[in-house]
Amino acid sequence: MDFQKLLLQVGQALHSDQIHALAFLCTDILDQDLSSVRYASDLFSLLMHQDVLSGEQPYLLADLLSTIGCKHLIRKYNLSSQISTTRSLISPYRKLLYDLSEDITEDGLGQIKFMLMEKLPRKKLEDHVTTLELFLELEHKDLLSNTNLNLLENMIQLVCPVLNRKIQNFKDLNVSSLNPVTQETRADFLRPRSASDLSLSNQTPALHPERPASCEVPGFDESRSSNQLLTPSYFEKAAQASNTSLDFARVSSSGDEGLSQRLSVLSTKTRNCIAVKETNVETPSSPENQTSENSTIGTAHFQTRNTKEEGLGTYPMTGPKRGICLIINNYDFDNSIKLLSNRHGTDFDERSLVSVFEWLGFETQIVHDCTRDQVLSVVQELRRKDHSQMDCLACCVLSHGQEGGVYGVDGQAVQLRELTEPFGGSQCPSLTEKPKLFFIQACQGSREQQAVSIQADGPAPRSVCTDAVVLRDTIPSDADFLMSMATVPHFASFRDRNVGTWFIQSLCQNLVQMVPSGHDLVSILTKVNDDVSKKAVTNGERKQMPQPAFSLRKRVVFPIPKGPAPSLH
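Residues numbered from 1 in each chain as written. Predicted model: local features only at pLDDT ≥ 70, side-chain atom pairs only at ≥ 80, totals over all residues. Heavy atoms only, no water.

### Let's talk about the packing of aromatic side chains
- Summed over the entire model, instances satisfying the criterion amount to 6 aromatic pairs.
- Relative to Phe438, the ring of Phe423 has its centre 6.0 Å away and its plane inclined at 50 degrees; by these criteria the two rings are tilted. Of this pair, Phe423 sits in the loop between helix H21 (416-420) and strand S7 (436-441) while Phe438 is found in strand S7, placing the two residues 15 residues apart along the sequence.
- Relative accessible area serves as the criterion here: at 2%, Phe423 is assigned to the buried category.
- Here Phe438 and Phe481 contribute two aromatic rings whose centre-to-centre distance is 6.1 Å and whose plane-to-plane angle is 20 degrees, an arrangement assigned as stacked.
- Members of the aromatic cluster, joined through ring pairs, are Phe357, Phe362, Phe439 and Phe558. (Phe/Tyr/Trp six-rings, centres within 6.5 Å; stacked < 30°, edge-to-face > 60°. Helix = DSSP H or I, 4+ residues; strand = E, 2+ residues; numbered from the N terminus. Buried < 20%, exposed > 50% of the residue type's maximum accessible area, 1.4 Å probe, protein only.)

### Details of the pattern of salt bridges
- Counting across every chain of the model gives 15 salt bridges.
- Across the salt bridge formed by Asp520 and Arg555, the nearest N and O atoms sit 3.9 Å from each other. Highlighted residues: Asp520 in the loop between helix H22 (502-514) and helix H23 (521-533) and Arg555 in the segment after strand S14 (547-550), separated in sequence by 35 residues.
- The network of salt bridges with common partners includes Asp28, Arg94 and Glu139. (Salt bridge = Lys/Arg side-chain N within 4 Å of Asp/Glu carboxyl O.)

### Observations concerning the sheet that holds S7
- Strands sit in the order S2-S1-S3-S7-S10-S14 across an open sheet of 6 strands; the sheet is mixed. Of all the strands in the sheet, the pair left with one neighbour each is strand S2 (363-368) and S14. Neighbour to neighbour, the strand axes of the sheet diverge by 15 degrees on average, direction disregarded.
- Where S7 lies against strand S10 (residues 481-485), 5 bridges are found, and the strand directions are parallel. Bridge assignment links Phe439 to a residue of S10, and that residue is Ser484. (Pairing = 2+ DSSP bridges. Axes fitted to C-alpha atoms, helices over the stretch in contact; angles between N-to-C directions.)

### Describing the packing of helix H2 (residues 16-25) against helix H8 (residues 92-103)
- Interhelical geometry of H2 versus H8 gives an angle of 150 degrees and a closest axis separation of 9 Å. Between H2 and H8, the angle falls in the class roughly antiparallel. Of the residues in H8, those touching H2 at Ala21, Phe24 and Leu25 are Arg94, Lys95, Leu97 and Tyr98.
- Residues belonging to the contact of H2 with H8 are distributed by class as follows: 5 nonpolar, no polar and 2 charged. (Parallel < 35°, antiparallel > 145°, perpendicular 65-115°, else oblique. Contact = heavy atoms within 4.5 Å. Nonpolar A, V, L, I, M, F, W, Y, C, P; charged D, E, K, R; others polar.)

That is the geometry; function is a separate question.
Listed below in structure tokens is the structure:
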């Protein structure tokens, strides 16, 4: 077959991600930035122009296809014999980075982007930026090279510690000093290997194995007996590879201080890696990591301090924008068809929400005194926006309520599902797999909760009133929603005319206090439950208990804001 026809057919069989991977692997060979290459034919033309690819010398093509795992194309075009008889033109450093990129999950990439927020422009950390593109940007900023892997190691240690074994193997073998690109001529590359060449190459570990095994526990040999006794040093490595929370005093002091602060809000989780095989082994006693003389190590049995959060991921918060926070604040009910009073004190809630959510990085949008139709119109307008550059969505509704809904100022009810359904995956694709957060300050009924043996500090202020929704049929069927209600089903919620509502004020105060410590949103809402449950009126006899309901798949952890925390009344 004509060689150029062969290249054309191979290029047509590759998808865009594979073409970008080939361009990345050829960066050192061509000594130029290939990030703009979109077609395989363009890359092949550059390689042929540099005399490293031709019909007489197809070795690089075979090596590239092998590295990205296109074995079917190697077999189809009979290139198998070329792989074992030629020395690789591809830098071992490039192969290492490519191999790492294949083993870093979407969640892991999101965490890496978060850690780089102060080192790279936000545009370079958008959701669509791939791991390989991120590596190239780090190289452009002189933060990554074949002799400078410190930053990469520190981040990988947090995302998937066992991948550092590959980096360590690369460093131990000092492959950069053996790199043929700087040690040999191009003619030397393309000559068949001698016996001595093969002997040397056999000493180099494979950086792209047939099956991914990057998250095997370091130091464990699968070929050995499952009853083999392991040395204490094994457990030190295994602990580093597990889903334990890191002791950050152990992070290398050579790292950037800002990075260390960012690392401190992350915990290592095995969902960022390929699952470790479950293997039963006998273990020697260890004063720190063991609870018995004989234990099992694996996904189900390895005991760590962070077992309760095993496999729990975190939604990425690395987009150019945090998201929109819509605040619907209904105060004036004078024209309502129902006997609903004006909501005095709601302006305090609005100001607090604006201060806190803008501090968190949200763009706030405020609408006042909406009828039912106006509420639905605002929601549809928000649905039609492009949220692809956003991390999430927040919506706060301050109004009177009923069972299963909230009131417009005309006294017409808006069902809670009418607020959430427009942002489901089918109607708002740009918010797919992103958290949608709803905070509803309204009653879920007219009954007042009674306290149980609660001691009041004094008479209740007369300025406290109710916003007199049951939660059934309000939990969204789509994933990635959170609906935080001011109170449990059937009961009223309380609003202080001079301060604001118990729920919204507690929410804002706990966001300000707990976000800088790296707490996730569900944990913060649990603290809100605790705080509000301790409030009471009428000598401690009237109580309130908020209730969050959610279909979240991961933890919602807001990045630590750079600006000073807002001052709340």
